[in-house]
Structure formats: C-alpha cells, structure tokens
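The chain contents come next:
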Amino acid sequence: MRSSRAKLTAWLRSHPQLALGGLLVMLALAGWGGYRVWQDAEFQSEYRATQDAVERRDWNAARKLLKESMAKWPESAELHLLAARVERRLENLGDAKKHLDTCQRLEGAETRAVKVERALLRVHGGGLAEVEPFLRECVRQNDPDAVEILDILSAALEINFRVADAQRCLDDLLARQPDHFNALVRRGQAARTMGWFEDAAAHFEKALKLRPEVDGVRTMLAEALGAYGKFELARVQFERLLERQPDNGSLRFGLALCYAATGEGEKAKRIYDDLIQLNPENWMAVLERGKLAVQRDQPAVGLPDLRQADALAPPDQSPTHLIACLLLLGKTDEARQYQAKADRILADRKRTSELGDRLREKPDDDPEPRYEIGVILLRMGKPQEGVHWLRQALEKDPKHRPSHQALADFFQSVDAVDLANRHRQAVQQLTGPNPPR
C-alpha cells in the first residue's frame, strides 16, 4: 500500500500538468453535480409553489408562476401538464391544448395523465357525454387525478341539470378530501337545489370552519337555516353578517324574514318598508310585506302588494299567496285567473323534469326534447339555461330549424342582433322539412 502511494506521488510530481488537469476535471464534475442539485432543488421549490397556488384555486397566480418557471425549464413535461390544467381552469382552452401537445411530445407518447387532462378539456368544451365513461372509470381505479376529475365532472353535471349525479360526485370527492372547501360549498348548493336544506346547512357549516371569513357562504348558511325553520339560528348569522355589511339589502331582507317568522312582525315590516322605498321594484320585499299583512289578518291591506309582486316577479314564480288572499276576500273569479297561471307554471316544471329524466335514462341524439326544455326555460325566465339546451339541440342536429328560430327570437329580444341574425340566416337556409339525420 505504501509502495503504491509512493509510486502515485512520484508520478504526479513528474507530470504536474496532467495532475492539474485531472484536478480541474474533478472540480468541474463536482461543480456540475452541485449545479444540477441546486437546479433540481430550485425546480422543485417553484413547482411546489405553483401547486400551492393551484390548491388555493388561485389560477392567475399559478399561471404567473408557471410562466416564470417555463422560461427556465421550457422542456419540462411536468410544467406543461400543469400549465394545461391552469389554462383549462381559466377557460383558455386553446392554450391548454397547446401545452398538452407539448407535454405529449416531450413524453414521447400520450401518457395516462395527458389522456385524463385531454378528457377534462373536452368536458370544458361541452363534450361531457363523450368522455364521461372514461373519466368515471379513472375515478373507479383511484387515478391520481380523481379529485380533479370529480370536481370537473360534478360541475358539468350541474350545468346539465343532473343535480343528483353531481351530488354523488361531490360526496365521493369529499370522502377522498374532506377539507375541500369548494366541494363542501358546492355540495351544500346541490343539496339546497334539491330542497335538502338541513343537509345544505351542514355542508356550509363545515366550509365555514375552514374559512370563516367567507361571507357568501355564511349568507347561504343563514338562508338554508331559515329554509328549514331554524329562524333563531338564521337570525344570528344574518346579524353577524350585517355587522360587517350594514347596508346590504339582501341581508336585511333575510333578517326581516326571521323577524316575521319569530313573531316580530313590526320589525319585519319596517325593514320591508325601507327596502321598498329604496327600490319600489323589489318584488320579494313587496311579496313578503303582502304575506305579512295576510298573516296579521289584514288581507285587504296585503292584496295590493301581492298583486304588485306578481306583476314584478320573474315568469317562473307561482302566484300562490295572491290566490289564497283573493279567496279569503271572496274574489273567486280573479283567483281562478291566477290559478290558471299557477297551473301553467306547474305544468312547465313537470314537463322539464320528465324530459330531463328521459334524457338521463336513455340518452339519444334527438334534438326535440332538448329543444322543448330550452323553450320552456326561456318562457320561465331562465335565459342562460334555455340557451344552453337549445344549443344542445343544435349540437345533436345543426339543421334543427325550430331551435335556430327560438334562438333568433330570444337574441333579438335581448338586442343581441349579430347572434339573432346568425340564427335567422340559418332558418332561411333550411327550407322544407328537417332533413334526415
């Protein structure tokens, strides 16, 4: 051993330039290794920061961080995949697709993660039916993106009026991630839509434990508590909200409902009076003031308010309280006229429910049920939902003349002239019966 060391020392002394070169190579290798370690650490740090922004659903912040990171690591498939998700969430679907294409090129193939993200992108583009089976199978197999899949699926199902299916997705999501704030809120909203107000309140309460500063959720909690008769609890929430928002008319209205339900009618009336003075077309305040008068055995006092409320209310609001007041006053002929309106609204609701059940149980490409749902919803004063269903009908049959006509009429009524003309031109081009699909 000593002999070997001595020989090595002698050789280094006799070849000083080679020794120095070797040392420099070793230092360079060590430096390069250290640089790579430092770069990897920097990449991971920035990637975690971006993921944190994504978990906070701060999509704009995530986008900014990704832009900075991709300037340093433009060939990172991980960054492009995450960028695709962020752009999709921001509804920049074209940019999302570009990032997915780049990610697939860098990976050398369409990985499972890329395939999932492409399917989610399709959902955002309105193609739920095409990818729903694949996404549900991914969830069943506990895909790493199961929570994201369930989040997007539930939102798409809500848009398509499949509230019960959306609720089941949210339940699955919350079983996997119980502290998912947005899922708790949307699960409460789904329960509220289905009339399960106690269940809705329970989910809103869980969400508020995570983020007690979110007044919007506290407002929904207060409203849900009132909806299933917990007026004292609802009153506490409304009073707490009004401490921070004393001029909020919606909160004052909610508090008035609590007063009226707990026997403090005079307090409630004063709030209704103030709200109506500020906005005479506040049909809900007008309605509640009329109802309060009837409850206080003053139907003649309440009748003008109830008539006015019916004139101001959206088309889908049934004049139930007005009918009851008219009958109390012996005005049966007028009550019969309003009952016809109430029956028509009930029939519309029943028909949309039947058509929706039919499409859920047996999906097909027939545009007619979608067209009928759209027309009914427009008639009920629900333009966003009505337009959605009419466009669904045209997606099934782009030459469905009645859908084009309904959209032309609607867009003309809201002064969207360009859109109205586009559908009117389609009607003019489609002559004769609908061609076979």
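Treat the numbers as computed from the prediction; the structure is a model and nothing was measured. The written sequence of each chain sets the order in which its residues are numbered from 1. The predicted origin of the model limits local features to residues at a pLDDT of at least 70 and limits the giving and counting of side-chain atom pairs to 80 or more, whereas totals for whole chains, interfaces and linings rest on all residues. Water and hydrogen atoms were dropped before computing side-chain values, which therefore reflect all heavy atoms in the structure.

**Student:** Explain the packing of aromatic side chains to me, please; I cannot follow it from the model alone.
**Tutor:** Aromatic ring pairs are defined here through the distance separating the ring centres and the angle between the ring planes. In summary, the pairing rule links any two rings of Phe, Tyr or Trp, Trp by its six-membered ring, whose centres are within 6.5 Å, and it sorts them by plane angle into stacked for under 30 degrees, edge-to-face for over 60 and tilted for everything else. Following the criterion strictly, the structure yields 2 aromatic pairs and no others. On the numbers, 6.1 Å between centres and 55° between planes, the contact of Phe253 with Tyr272 is tilted. Placement of Phe253 in helix H14 (residues 249-261) and of Tyr272 in helix H15 (residues 265-278) is noted, with a sequence separation of 19 residues between them. The two residues Phe253 and Tyr272 agree in class, both being buried. Helix numbering and strand numbering both begin at the N terminus, where a helix is a DSSP run of H or I of at least 4 residues and a strand a DSSP run of E of at least 2. Any residue under 20% of the maximum accessible area for its type is buried, any over 50% is exposed, and the rest in between are partly exposed; the area is computed with a 1.4 Å probe on protein chains only.

**Student:** Would you explain the environment of Leu278 in this entry?
**Tutor:** The residue Leu278 is located in helix H15 in this model. Residue classification places Leu278 among the exposed positions, given a relative accessible area of 67%. Note: C-alpha distance between Leu278 and Gly249 (29 residues apart in sequence) is 9.4 Å.

**Student:** Explain the packing of helix H4 (residues 77-89) against helix H6 (residues 112-124) to me, please; I cannot follow it from the model alone.
**Tutor:** Each packed pair of helices is defined by two parameters, the angle between the axes and the distance between the axes. Axis lines are fitted to C-alpha atoms, over the contacting stretch for helices. Their N-to-C directions set the angle, which ranges from 0 to 180 degrees. Between H4 and H6, whose axes approach to 10 Å, the crossing angle comes to 10°. Here H6 runs roughly parallel to H4, going by the angle between their axes. Together, Leu81, Ala84, Arg85 and Arg88 of H4 and Ala113, Val114, Glu117, Leu120, Leu121 and His124 of H6 make up the contact between the two elements. Each residue is assigned to one class: nonpolar for Ala, Val, Leu, Ile, Met, Phe, Trp, Tyr, Cys and Pro, charged for Asp, Glu, Lys and Arg, and polar for all the others, Gly among them. The residue inventory of the contact of H4 with H6, partitioned by class, reads 6 nonpolar, 1 polar and 3 charged. Each angle gets one of four labels, with under 35 degrees taken as roughly parallel, over 145 as roughly antiparallel, 65 to 115 as roughly perpendicular, and the rest as oblique. Here, residues are in contact when the closest pair of their heavy atoms is within 4.5 Å.

**Student:** Looking at this structure, I do not really get the environment of Asp357. What am I missing?
**Tutor:** With respect to the helices, strands and loops of the structure, Asp357 is situated in helix H19 (residues 332-361). Residue classification places Asp357 among the partly exposed residues on the basis of a relative accessible area of 32%. With 196 residues separating them in the primary sequence, Asp357 and Phe161 have C-alpha atoms 9.9 Å apart.

**Student:** So what exactly am I meant to see when it comes to the nonpolar core here?
**Tutor:** Proteins that are soluble and globular tend to have nonpolar side chains buried together. Only buried residues count toward a nonpolar core, which is a set of Ala, Val, Leu, Ile, Met, Phe, Trp, Tyr and Cys residues joined through side-chain atoms within 4.5 Å. The biggest cluster of nonpolar side chains holds 68 residues, and the ones touching the most others in it are Leu135, Ile149, Phe204 and Val217. Not counting the four nearest positions on each side in its chain, Val217 is found in contact with Phe181, Val185, Phe204, Ala207 and Leu208. In this structure, Tyr47, Trp59, Leu82 and Ala83 belong to the second largest nonpolar core, which totals 13 residues.

**Student:** What's the story with the pattern of salt bridges in this structure? I'm lost.
**Tutor:** The term salt bridge refers to a pairing of a side-chain nitrogen on Lys or Arg with a carboxyl oxygen on Asp or Glu at a separation within 4 Å. Tallied over the entire structure, the rule returns 46 salt bridges. With a closest N to O distance of 3.6 Å, Glu158 and Arg186 form a salt bridge. Residue Glu158 is found in helix H8 (residues 146-159), and its partner Arg186 is found in helix H10 (residues 181-193); the two are separated by 28 residues along the sequence.

**Student:** Looking at this structure, how should I read H4?
**Tutor:** Because an α-helix packs 3.6 residues into every turn, residues spaced three or four apart end up facing the same way. Multiplying one less than the number of residues by 1.5 Å gives the expected span of a helix. With 13 residues, H4 extends 19 Å from end C-alpha to end C-alpha; this agrees with the ideal 18 Å at 1.5 Å per step. When you tally the buried positions in H4, you get 11 out of 13 residues, the bulk of the element. Among the residues of H4, those classed as buried are Ala77, Leu79, His80, Leu82, Ala83, Ala84, Arg85, Val86, Glu87, Arg88 and Arg89. Once H4 ends, the next one or two residues include Glu91, with phi positive near 65°.

**Student:** I keep staring at the side chain of His404 and nothing clicks. Help me out?
**Tutor:** Note that His404 resides in helix H22 (residues 401-413). Owing to a relative accessible area of 9%, His404 belongs among the buried residues under this scheme. Setting aside anything within four residues of it in sequence, one finds His404 in contact with Leu394, Pro398, His423, Ala426, Val427 and Leu430.

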